[in-house]
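Here is how the chains run, residue by residue.
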Amino acid sequence: MKRSLLGIIFLVSAAMGLAGCASLAGPEREPMQLEQLVSLAKDGKDAQAIIKAIQDSNTVFDVTASQYAKLSRDGVPDAVLDFMQHGQLKMAERQGRREALQDAWFYGRGYWGWGYSSWVPRPYGVWVGGRYYKRSY
């Protein structure tokens, strides 16, 4: 009796957990395009409103330096361009971490025999604005 009751409780909680995950996803949104960004700037939106729209769309822009210059000429505020560049840096950092985890290696005294082992991913670097940032996970 006790086992069957625990099994039922487990199944009900698992079903509730799965149902909760499905409802938390929310509607999928389209990523913001650069043209939309320029049109928001030309409509007179301030920098905070444009940044809020970027955050709401969950968009990370992968923009080149020439595109940043064009966006600046088109009237996109500097605070928005800084926010976009910060997001691009975070995206590059995440990618570097993924690659570092895939290239992980072990070192230290004795993997099994000496009582400890060390797991260390290889360091990775990101170039931003002509500066090299060395990171490790």
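Treat the numbers as computed from the prediction; the structure is a model and nothing was measured.

## Concerning the environment of Leu 34
Then comes step 1: Mapped onto the elements of the fold, Leu 34 is located in helix H2 (residues 34-42).
Then comes step 2: It is 8.4 Å that separates the C-alpha atoms of Leu 34 and Phe 61, two residues lying 27 residues apart in sequence.

## Re the packing of H2 against helix H3 (residues 47-57)
Then comes step 1: Across the interface, H2 lies against H3 with an axial gap of 10 Å and an inter-helix angle of 155°. By the angle between their axes, H2 is roughly antiparallel relative to H3. With respect to the hand of their crossing, H2 and H3 are arranged in right-handed fashion. Note on element contacts: H3 touches H2 through Ile 50, Ala 53 and Ile 54, opposite Leu 37, Leu 40 and Ala 41.
Then comes step 2: The residue inventory of the contact of H2 with H3, partitioned by class, reads six nonpolar, no polar and no charged.

## What about the layout of surface pockets?
Then comes step 1: If you add up the space inside the largest pocket, you get close to 240 Å³.
Then comes step 2: Lining the largest pocket we find 14 residues, and of these Thr 59, Val 60, Phe 83, Gly 87 and Lys 90 sit closest to its centre.
Then comes step 3: If you list the elements that add at least two residues to the lining of the largest pocket, you get H3 and helix H5 (78-102).
Then comes step 4: For the lining of the largest pocket, the element with the most residues is H5, which contributes eight residues.
Then comes step 5: For the lining of the largest pocket, the per-class residue count stands at six nonpolar, six polar and two charged.
Then comes step 6: There is about 160 Å³ of room inside the second largest pocket.
Then comes step 7: In terms of lining, the second largest pocket is formed by Val 63, Thr 64, Ala 65, Tyr 68, Gln 85, Gln 88, Leu 89, Ala 92, Val 126, Trp 127, Val 128 and Gly 129.
Then comes step 8: Looking at the lining of the second largest pocket residue by residue, the classes come out as eight nonpolar, four polar and no charged.

## Structural notes on H2
Then comes step 1: Restricting attention to buried positions, one finds in H2 the residues Leu 37, Val 38, Leu 40 and Ala 41. Looking straight down H2, one finds its buried side chains confined to an arc of 160°; they lie on one side. Exposed side chains of H2 directed beyond 90 degrees from the buried face belong to Glu 35 and Lys 42.
Then comes step 2: Phi turns positive, to about 90°, at Gly 44, one or two residues after H2.

## Considering the nonpolar core
Then comes step 1: Formed by 17 residues in total, the largest nonpolar core has its most connected members in Leu 37, Ile 50, Ile 54, Leu 71, Val 76, Val 80 and Met 84.
Then comes step 2: Going through the elements one at a time, H2, H3, helix H4 (65-73) and H5 are the ones with two or more residues in this core.
Then comes step 3: Contacts of Leu 71, omitting those with residues within four sequence positions, involve Leu 34, Leu 37, Val 38, Val 76, Leu 81 and Met 84.

## Points about the confidence of the model for the chain
Then comes step 1: Mean pLDDT over the chain: 76, with 61% of residues reaching 70 or higher.
Then comes step 2: No element of the chain has a lower mean pLDDT than strand E1 (residues 105-107), which averages 49, and none a higher one than H4, which averages 94.
Then comes step 3: Confidence drops under pLDDT 50 across residues 106-111; counting only partners more than four residues distant or on other chains, this segment forms 12 contacts.

What counts, and where the lines are drawn
- Residues numbered from 1 in each chain as written.
- Predicted model: local features only at pLDDT ≥ 70, side-chain atom pairs only at ≥ 80, totals over all residues.
- Heavy atoms only, no water.
- Helix = DSSP H or I, 4+ residues; strand = E, 2+ residues; numbered from the N terminus.
- Axes fitted to C-alpha atoms, helices over the stretch in contact; angles between N-to-C directions.
- Parallel < 35°, antiparallel > 145°, perpendicular 65-115°, else oblique.
- Left-handed = near helix turned anticlockwise from the far one by under 90°.
- Contact = heavy atoms within 4.5 Å.
- Nonpolar A, V, L, I, M, F, W, Y, C, P; charged D, E, K, R; others polar.
- 1 Å grid on protein atoms, 1.4 Å probe; cavity = no way out; pocket = protein on both sides within 12 Å on 5 of 7 lines; lining within 4 Å.
- Points joined across faces, edges and corners; volume = space filled by probe spheres on them.
- Buried < 20%, exposed > 50% of the residue type's maximum accessible area, 1.4 Å probe, protein only.
- Arc of directions from axis to C-beta.
- Core = buried A, V, L, I, M, F, W, Y, C linked by side-chain atoms within 4.5 Å.
- pLDDT = per-residue confidence, 0-100.

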